[in-house]
Amino acid sequence: MATLRLENLTKHFGGLVAVNNVTFEVAEQEILGIIGPNGAGKTTLTSLVAGTLQVSGGRIVFEGKDVTKSPAHLRVRMGISRTFQTVRPLKDFTALENIMVGALFARGESLGKAKERAYQVCQLLEFDRAERYPDRLTVFELKKLEIARAIVSDPKILFLDEIMAGLNFEEMKQMINIVRSLRDRGVTICVIEHVMSVINELTDRVIVLDRGEIIAQGPYQEVSQNRRVIAAYLGEEG
Amino acid sequence: MKTLSIIAVLALAIILPFIADIYLIHVVSTIMIFMCLALSWDMMLRTGQLSFGTAGFFGLGAYAAIIAVDDFNVNPVMSIFVGAVFAALTSFGLGIAVLKLREMYFAITTLALTSVFTVLARNLSDLTGGAAGKILFNAIFDGDPKKTYWLILSFTIVVIVLSEIFERTRVKYAISSIRNDELVAKSSGINIFKYLLIVFVITSAIQGAAGAIYAQQYAFVEPDSTFSANFLLLPIAMALVGGIYSTIGPIVGALVLGFTSEYLKLLMPYGHLIIYGIIIVLTVIFLRKGVYGTIMEKIRSK
Amino acid sequence: MRRLFVLVSLLLTLIVLAEKPIKIGAILPLSDITGRQAANAMKLAVKEINDAGGVLGRPIELIVMDDEMKPEKGAAAVDKLATVDKVDFFVGGMSSSVHLAQIPILKKYKKITVWIGAASYKCEEAVGADSDWYFHLHPWDYLQGESYAIGWKAITEKYPQVKIEKIFLAYEEGAFGTSSFKSYQDEFELAKQGTGVWTGLMKDLKGGPFKSAALGGGDYRAMLLQAKQYDPDLFIWAGYDADAIPMLSQAKEIGFSPKLFVGAPPGWPADFGKNPLSNGVVLYGMWAPALKDVSAIAKHFWDAYVQEFNEEPATYFAPLGYTNIYFLIEAIKKAGSIDDKAVIQALREIEYESPVGGVLKISPSRIIKNQGFRAQKILQWQNGVQHVIWPFEYATANLIYPFPGWSTK
Amino acid sequence: MKRIFNLYTFFLLLLVVVALVRPYAFFYGLQRGSLYSLIALPLALILGIVGLLNLAHGDFLTLGLYIGYILFNQFKFDPILSMIFIAPILFVIGLAVYKSTIEKVLKSHHLNLLLITFGVSITLVELINSLWTSRPRNVYVTYATKSISLFGISIGAYEFLYVAASIAVLLVIMLVLKKTRFGQAAFAVGQNPRGAAIVGINVKLVYTITFSLATAMMAVSASLMMPRVSIFPNLGGPFTMKSFCLTAMAGLGNLPGILLSGITLGIAEAIVQSIPGYSGWSDLVFFGVLILVIAFRANRGAER
Amino acid sequence: MLEIKNLSIAYGKVQVIWDLSITVGSEAVGLFGPNGAGKTTLINCILGMIRPISGNIYFDGRDITGLETYQVVRLGIALVPQERELFPLMTVEENLKSGAAYIPHARNQLVDRMNFVFTIFPVLKERLSQKAGTMSGGEQRMLAVGRALMACPKLLILDEPSVGLQPSIVTEMFAKLKQIRMEGVSILLTEQNVKQGLKVIDRGYVIENGRIVIEDKSEKLAQEEHIKRAYLGV
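Quantities reported herein were computed from a predicted structural model and do not represent experimental measurements. Position numbers for residues count from 1 along each chain, tracking the sequence in the order it is written. Going through the entries in the order they are written, you letter the chains from A and number the ligands from 1. Restriction of local features to residues with pLDDT of at least 70 applies here, the model being predicted, together with a cutoff of 80 or more for giving and counting side-chain atom pairs; totals for whole chains, interfaces and linings are based on all residues. Excluded from the side-chain calculations are hydrogens and water; all other atoms, namely the structure's heavy atoms, are used.

Peer 1: Can you walk me through the domain arrangement of chain C in this structure?
Peer 2: For interface size, the figure often reported is the accessible area lost on association. All names here are of chain C. The domains assigned to chain C are domain 1 (2-139 + 292-360) and domain 2 (142-291 + 377-394). An automatic or database domain assignment supplies the residue ranges for each domain. Averaged C-alpha coordinates put domain 1 and domain 2 at centres separated by 29 Å. Working rule for contacts: check all heavy atoms of both residues, and any pair within 4.5 Å makes them a contact. Contacts between domain 1 and domain 2 engage 22 residues on the former and 13 residues on the latter. Put simply, buried area is how much 1.4 Å-probe accessible surface two parts lose in total, over both of them, once they are put together. Overall, the association of domain 1 and domain 2 removes approximately 1,700 Å² of surface from exposure, summing both partners, and the carbon and sulfur fraction of that is 64%. On the domain 1 side of the contact with domain 2, Tyr121, Pro139 and Tyr316 bury the most area, a combined 31% of that side's loss. What counts as a salt bridge is simple: a side-chain nitrogen of Lys or Arg found within 4 Å of a carboxyl oxygen of Asp or Glu. Taken together, the links from domain 1 to domain 2 amount to 0 salt bridges. We define a polar contact as two N or O atoms separated by no more than 3.5 Å, with the added condition that, inside protein, one atom must be a possible hydrogen donor and the other a possible acceptor, whereas residues neighbouring each other in sequence contribute only through side-chain atom pairs. Taken together, domain 1 and domain 2 are joined by 12 residue pairs in polar contact (both at pLDDT 80 or more).

Take a look at the structure:
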């Protein structure tokens, strides 16, 4: 059974159609790449699944349950988790406390347990400056924080929105390893990314969105040869 | 060390009526009432919501308490609970409607609600005594200032403990997350509306109880003075002068501004409010994080 | 400031020289003109008495506290004066809501209190019948209403053309205005049954509330239109000084010109008399500067005040504050001690010729035993001067009737 | 935007009905509402551009009135003409207040800005009180009480100046914001101060001038009100609150909305005042309409 | 043109830039290095948003250390910041105009400049009346570059211009940057996409932990072992 199934998902903003009749499935423990031009509706799609935006039409089915109408905080508790494209740390908390918040509310743990769990996640991500406040962290560390906060709730499916943006090669390599290890622990993962080398290396399958619609899907090697994808997204140099 | 100083302060506060004159006790009682308002305003602010409704729920509690004693023969001490519960119930109903609002829209709506309460108090004369207000023949404890002081002190301790609960438990993580970033809070599994409503109801109950105590202490309510903007602006100034998002900040602010205004008055009977205004301006300029916040910053940087 | 300093140092020397002073604690709103001038007048009285050797061979010390118009501040001031300064007597007063908060505290000390403010009947209810230490000099709101009835009755007898059958009362929607209206309504009910002071005078009464300019209002036109339609013989408004001129100019704008245009605010704006609209406006009050032409004590007060403070007394609270001190001191003199019982007895017995105009003598009011002034005066602005019309023994001018209207203004 | 527009169209239709049923309430409400908007516009400008809720707003109005009073009393200046003198004086006072207080805390928590204007407000009011006492002052000119006949009813003519002035001031502000370089700079700073600095705008200067100009703008309302009101130290306070209400009702950045909100509230208030026996409830209607509009808009604009 | 001498910068007590000196002549210069190395801090300091604790910045021979941002910009330095910093409620046209309106020497050539920008980003011409806030991330990035070009800058500073852009636009933008470079505008660029960056620049610096570790011509940098390993992944 697919972990997540989107059926005819549609989202309008006023007159603008951001996501148009999108249908696809994500299989268990799959790493799915979602790519497409800027403004194609990738982030909107993530927000719809996470429940921070309400759908205009269609259904979201998670582990066989229709969650289209569930509020965002309940979806997190069910196991749908996401990161944000621009990092959004809670600036009044240390990194560790940032991570704790997820454990406290998505898993309903006590303060002590939550702290323990936050430490565990930090270790997993090799994040060693967790006592600092976010304004003292580098972009790479903030990206790690973003992931830590998303996985501390022990999600079944995780949406990673441009976690590679602004990272250098070495950092990307680390990040790829992290994502893989997450998958190995049983998490289903959707990555939204503009760095094609990463998509190529990481994903089992990609979906290409353009103007809110799926224009191609399949393994990256296949999709990257698609004329439509090249014209709309990759460009001639690829 | 910390526990020791807390015990010392608490002991001093309890025995104050035996060592100080009535005037000081009275001034401290008043400061404590404002301290509770400042704390409750700050507790709401910790969720990121700027409330201008402090005076409204204060007045609501005051009216409920006086009416409870006068029309329903409730015991004056019990009437404080009546004031708190009435304010809490009202805020629960209103909260469902207004807690979708944010920033200045929330602020202005709570301010407008205060005016609505005032108009109701003025016009429902059968119940509220109308514009002339309502009086009781006896103040609480027959006007015994020591007992009144202890009552206010116990109430203040309750409020401080509540504020500390907000600071030390998971509530802190919920409301600070909401203040910092609602989207992230939602995505971390926090039920934003539930927490906002809880905080709104609890802080309104505190304000209602403070109003009830004030009304019982002076044995009257009257629309213009009971819903006076003083009960809104002064607590805000206290919290900001002391330092927001903490328990100690509003406490320090209330003590500093409360004693300053009283002392200035004794120092110069005329025009002391000019100096008071200038002191507020200077505090903001030189102590940006408030008295307590700035001191803590200095200590940390050492 | 300099003068204050001189005064304080003078007081200090006196304290050293003479015996332990008699302490009087005054509580007034010092940022308001009424409170400030009342405090000035009290200081003037104390200075005069001390210059003449004090009372019972002891000097008087006056301690003034600001109530900031805030109930809790006014109440704390009572505690401060009672416990820190250990005053022997309380004087002062202005706002009713501040006083409501003070009453429970005053009851605690039961010191002799001679109060010149707080006209609301709620305060009288709060004081209660058995507070024999409490003396209230200012007429309660209902007493004022009664006294006007007496005044108008006298006026209609003297000026037969004056008719007061239909009364329209415009009242500000706060405590002051509504309680005025309430007392008029009560009187009207009595008058309909043929009892009460307004019998034979008031045949119909109508009221209209407005939001005072002092509290952010200031648009009276809707109310004035209703009054104009009603066409009263007597139009009275009970509001504040800030309402005075806007009310007149809006009445002019809509062409409302009743035969008697009466204002009953506690004070009048600066230069009201210079405003041409003011001519012919009747006002209720306790006092008028013109009294100095007919009363020696009023003249003495006026001159001394102007000389001491280099400004003219602008409100009746100035002579009332002066009266406040003298009345108390006269009683102490008569009692021969500051023993509570003796002074209370003396306060009840003495008669004091006041610069407010009239003799101050204590008598019971509806609830309390010790009420001072009961009557207000009916005055009229004539060519920029407040003249006394009634009581006739203090009259400084004849009534201009009817109200001259707007055509020449 | 479009929905908000529809909301106001609905209100305007309602107003036409009111004008037919209760013409006095309509005209009085129109006049008073325009005055509220006239006073609210500078507050909205400062809130939108500097990001500052100025609690001392109404006290600058009070100050302007006292300046006008002195000009009238000492030099027999016509109240309306005195605008040209009050404006520069208020500009300088605004500048001084801004430079000595507000500018120094611009970078700290935004609530500190609120508190500092609260301190400024207390200081100003008490200073005015100690200079001129609490006794009201008045300025009397005969033309301020003239009446005209309109559609068969006689109505005060002077306060139509409020209507004209509020429309004029609104148009001037909109033109300046759209068409002048300074206006565009101010508009830019209001949206993104960092971005504004990057394109070479002197953000500090824009803040300073905006605050001072908006303060100077209070001269218009001050001089127009002068012959119609009593001048006393606490005059301004309620107007600060009303201005804030109008700004919130219109929504941040919606200047024409302020005029419409002002008139809507003014008329709503006037209708209730015109019903005998119920005029005490007019505040309830004022704030009730305010809350409804804000809640309505919040629900509509929940997404995004 | 731009000369930075012995610059040190600290946030509170944490020093992030140590005694750093770089120059940018009439050329395109790249700044590379890991996140947190201090590149953005350095740029903010050039633009007058942060004050250094020591050292000086000269532009065209003039000491600009400690000037306000708007003064620096008016001298001829334009910035394309990472966060774009556009005016969301203004149209594309108004945003572009704002780039030139407050810089005296650019104001006179507003129309010419606008046409120049359109030749580089034709898409902006089609969107003239669209509000900037409603545009997608990539379009906003183009607008930010266009706005900076409106200022007739002598030196154009770009902070991570390719972040979050789709591959085709990245390729296109770097081509445009080359074109701008040809027009005689000096460029200072920070970039994580070192591969693309090296195509544009003449010379580059690698900054790590607030210090310069390598400085060389772009061809040479591409051969450097450390760079290959850490930044190019070859």
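Peer 1: Please clarify how the pairing of strand 1 (residues 147-150) of chain D should be interpreted in this entry.
Peer 2: Consecutive side chains of a regular strand alternate in pointing toward one face of the sheet and then the other. Residues and elements named next belong to chain D. Sheet topology note: the strand 1/strand 2 (residues 153-156) ladder contains 4 bridges and is antiparallel. Looking at the pairing, Ser149 lines up with Ser154 of strand 2. Where strand 1 folds back on strand 2, the antiparallel hairpin that results is connected by 2 residues, among which Phe151 adopts a positive phi of roughly 45 degrees. Strands were regarded as paired on the criterion that DSSP finds at least two bridges between them. Counting from the N terminus, the helices are the DSSP runs of H or I reaching at least four residues and the strands are the DSSP runs of E reaching at least two.

Peer 1: In this structure, what is going on with the arrangement of the chains? I would like to understand it.
Peer 2: No other pair among the 8 pairs of chains in contact exceeds the contact count of chains B and D. Structurally, chain A and chain C remain out of contact, their C-alpha atoms never closer than 38 Å. Between chain C and chain E there is no contact, and the shortest C-alpha to C-alpha distance separating them is 36 Å.

Peer 1: Please clarify how the confidence of the model for chain D should be interpreted in this entry.
Peer 2: Close reading of the predicted structure is inappropriate where its pLDDT is low. Predicted confidence across chain D gives a mean pLDDT of 90, with 95% of residues reaching 70 or more. Here the predicted complex scores 0.93 on pTM and 0.92 on ipTM. Values of pLDDT, ranging from 0 to 100, describe the predictor's confidence in every residue of the model.

Peer 1: Explain a nonpolar patch on the surface here, please?
Peer 2: Residues and elements named next belong to chain B. Taken together, Leu10, Leu12, Ile14, Ile15, Phe18, Ile19, Ile157, Val161 and Ile165 make up a surface patch of nonpolar side chains, about 800 Å² in accessible area. For the nonpolar patch, the secondary-structure elements that each account for two or more residues are helix 1 (2-19) and helix 7 (145-168). Examining the composition of the nonpolar patch, we find that 6 residues originate from one element, helix 1, more than from any other. Remark: exposure states derive from per-residue accessible area (1.4 Å probe, protein chains only) relative to the maximum for the residue type, with buried under 20%, exposed over 50%, and partly exposed in between. Judged by its relative accessible area of 39%, Ile14 falls in the partly exposed class. Within the patch definition used here, like charges are joined within 9 Å and nonpolar side chains (Val, Leu, Ile, Met, Phe, Trp, Tyr) within 5 Å, considering only residues with over 30% relative accessible area and no salt bridge. Here the accessible surface of atoms and residues is derived via Shrake-Rupley with a 1.4 Å probe, and residues count as covered only by protein chains that are part of the display.

Peer 1: Looking at this model, I keep getting lost on the sheet that holds strand 6 (residues 77-80) of chain E. Mind explaining?
Peer 2: Sheet strands line up and pair through hydrogen bonds in the backbone, either parallel or antiparallel. Residues and elements named next belong to chain E. Pairing is mixed in the open sheet, where 6 strands are placed in the order 6-7-8-3-9-10. The open sheet has two edge strands with one neighbour each: strand 6 and strand 10 (211-217). Across the sheet, the axes of successive neighbouring strands diverge by a mean angle of 15 degrees, strand direction being ignored. By the bridge criterion, 6 bridges tie strand 9 (residues 203-208) to strand 10 in an arrangement that is antiparallel. Residue pairing for strand 10: Arg203 is matched across the bridge by Lys217. Running at roughly 175 degrees to strand 6, helix 7 (residues 137-150) makes contact with strand 6 and strand 7 (155-159) of the sheet. The convention used is that axes are lines fitted to C-alpha atoms, helices contributing only their stretch in contact, and that angles between N-to-C directions extend from 0 to 180 degrees. Those strands touched by helix 11 (residues 225-232) are strand 9 and strand 10, and its axis lies near 70 degrees from that of strand 9.

Peer 1: How do you make sense of unusual backbone geometry when you look at a structure like this?
Peer 2: The phi torsion of most residues other than glycine is negative, and most of the peptide bonds are trans. Going from Trp390 of chain C to Pro391 of chain C, the amide bond is cis rather than trans, its omega being 5 degrees. Secondary-structure assignment places Pro391 of chain C in the segment after strand 14 (385-390). For the peptide bond that leads from Tyr401 of chain C to Pro402 of chain C, omega is -5 degrees, which places it in the cis range. Structurally, the position occupied by Pro402 of chain C is in the segment after strand 14. Backbone geometry at Glu63 of chain A places phi at a positive 50 degrees, although glycine is not the residue there. Its identity is not glycine, yet Arg211 of chain A carries a phi of approximately 45 degrees, on the positive side. Relative to the helices and strands, Arg211 of chain A resides in the loop between strand 9 (205-210) and strand 10 (213-218). A residue is classified by how much of its surface remains accessible, and Arg211 of chain A, at 68% relative accessible area, is exposed.

Peer 1: Would you mind going over the interface of chain D and chain B with me for this structure?
Peer 2: Counting residues at the interface gives 41 residues for chain D, matched by 35 residues for chain B. Here chain D and chain B share an interface that buries about 3,300 Å² over both sides, 83% of which is from carbon and sulfur atoms. In this assembly, chain D and chain B are joined by 0 salt bridges. At the boundary of chain D with chain B, the tally comes to 6 residue pairs in polar contact (both at pLDDT 80 or more). The dominant element in the side of chain D that touches chain B, judged by the number of residues it contributes, is helix 5 (residues 110-132) of chain D, at 13 residues. Side-chain classes are defined by residue name, with Ala, Val, Leu, Ile, Met, Phe, Trp, Tyr, Cys and Pro counting as nonpolar, Asp, Glu, Lys and Arg as charged, and the others, Gly among them, as polar. Its residues assigned to classes, the side of chain D that touches chain B comprises 25 nonpolar, 12 polar and 4 charged.

Peer 1: Quick question: what am I supposed to make of the side chain of Glu103 of chain D here?
Peer 2: Residue and element names in this part refer to chain D. Examined against the element boundaries, Glu103 turns out to sit in helix 4 (residues 83-105). One polar contact links Glu103 to Lys99, side chain to side chain, over a distance of 3.2 Å. Sequence-distant contacts of Glu103, that is, excluding residues within four places in its chain, are made with Tyr98, Lys204 and Thr208.

Peer 1: Explain the interface of chain C and chain D to me, please; I cannot follow it from the model alone.
Peer 2: Taken residue by residue, the interface counts 36 residues in chain C and 35 residues in chain D. Surface buried jointly by chain C and chain D totals about 2,900 Å² across both partners, of which 48% is contributed by carbon and sulfur atoms. Interface area lost by chain C to chain D is led by Arg221, Glu253 and Ala270 of chain C, which between them contribute 20%. In this structure, the connection of chain C to chain D is made through 4 salt bridges. The partner of Arg221 of chain C in a salt bridge is Glu159 of chain D, and the shortest N-O contact between them spans 3.1 Å. Across the chain C-chain D interface, the total number found is 16 residue pairs in polar contact (both at pLDDT 80 or more). Only helix 2 (33-51), helix 8 (221-230) and helix 9 (244-254) of chain C provide two or more residues apiece to the side of chain C that touches chain D. When residues in the side of chain C that touches chain D are grouped by element, the largest group, 7 residues, is from helix 9 of chain C.

Peer 1: I would appreciate a short explanation of the pairing of strand 4 (residues 57-62) of chain A in the present structure.
Peer 2: Residues and elements named next belong to chain A. When strand 1 (residues 4-13) meets strand 4, the two strands line up antiparallel, connected through 5 bridges. In the sheet register, Leu4 faces strand 4, and the bridge partner there is Phe62. Of the pairings in the sheet, the one linking strand 4 to strand 5 (residues 65-66) comprises 2 bridges and is antiparallel in character. Its bridge partner being in strand 5, Phe62 is matched across the sheet by Lys65.

Peer 1: Sorry if this is basic, but what is going on with the sheet that holds strand 10 of chain A here?
Peer 2: Residue and element names in this part refer to chain A. Strand order in this open sheet of 6 strands is 6-7-8-3-9-10, and the pairing throughout is mixed. Here the strands that pair on one side only, and so sit at the sheet edges, are strand 6 (80-82) and strand 10. Here the average twist between neighbouring strands, direction ignored, is 20 degrees. Across 5 bridges, the pairing between strand 9 and strand 10 is antiparallel. Counterpart to Asp210 in the pairing with strand 10 is Glu213. Running at roughly 145 degrees to strand 6, helix 1 (residues 42-50) makes contact with strand 3 (31-35), strand 6, strand 7 (157-161), strand 8 (188-192) and strand 9 of the sheet.

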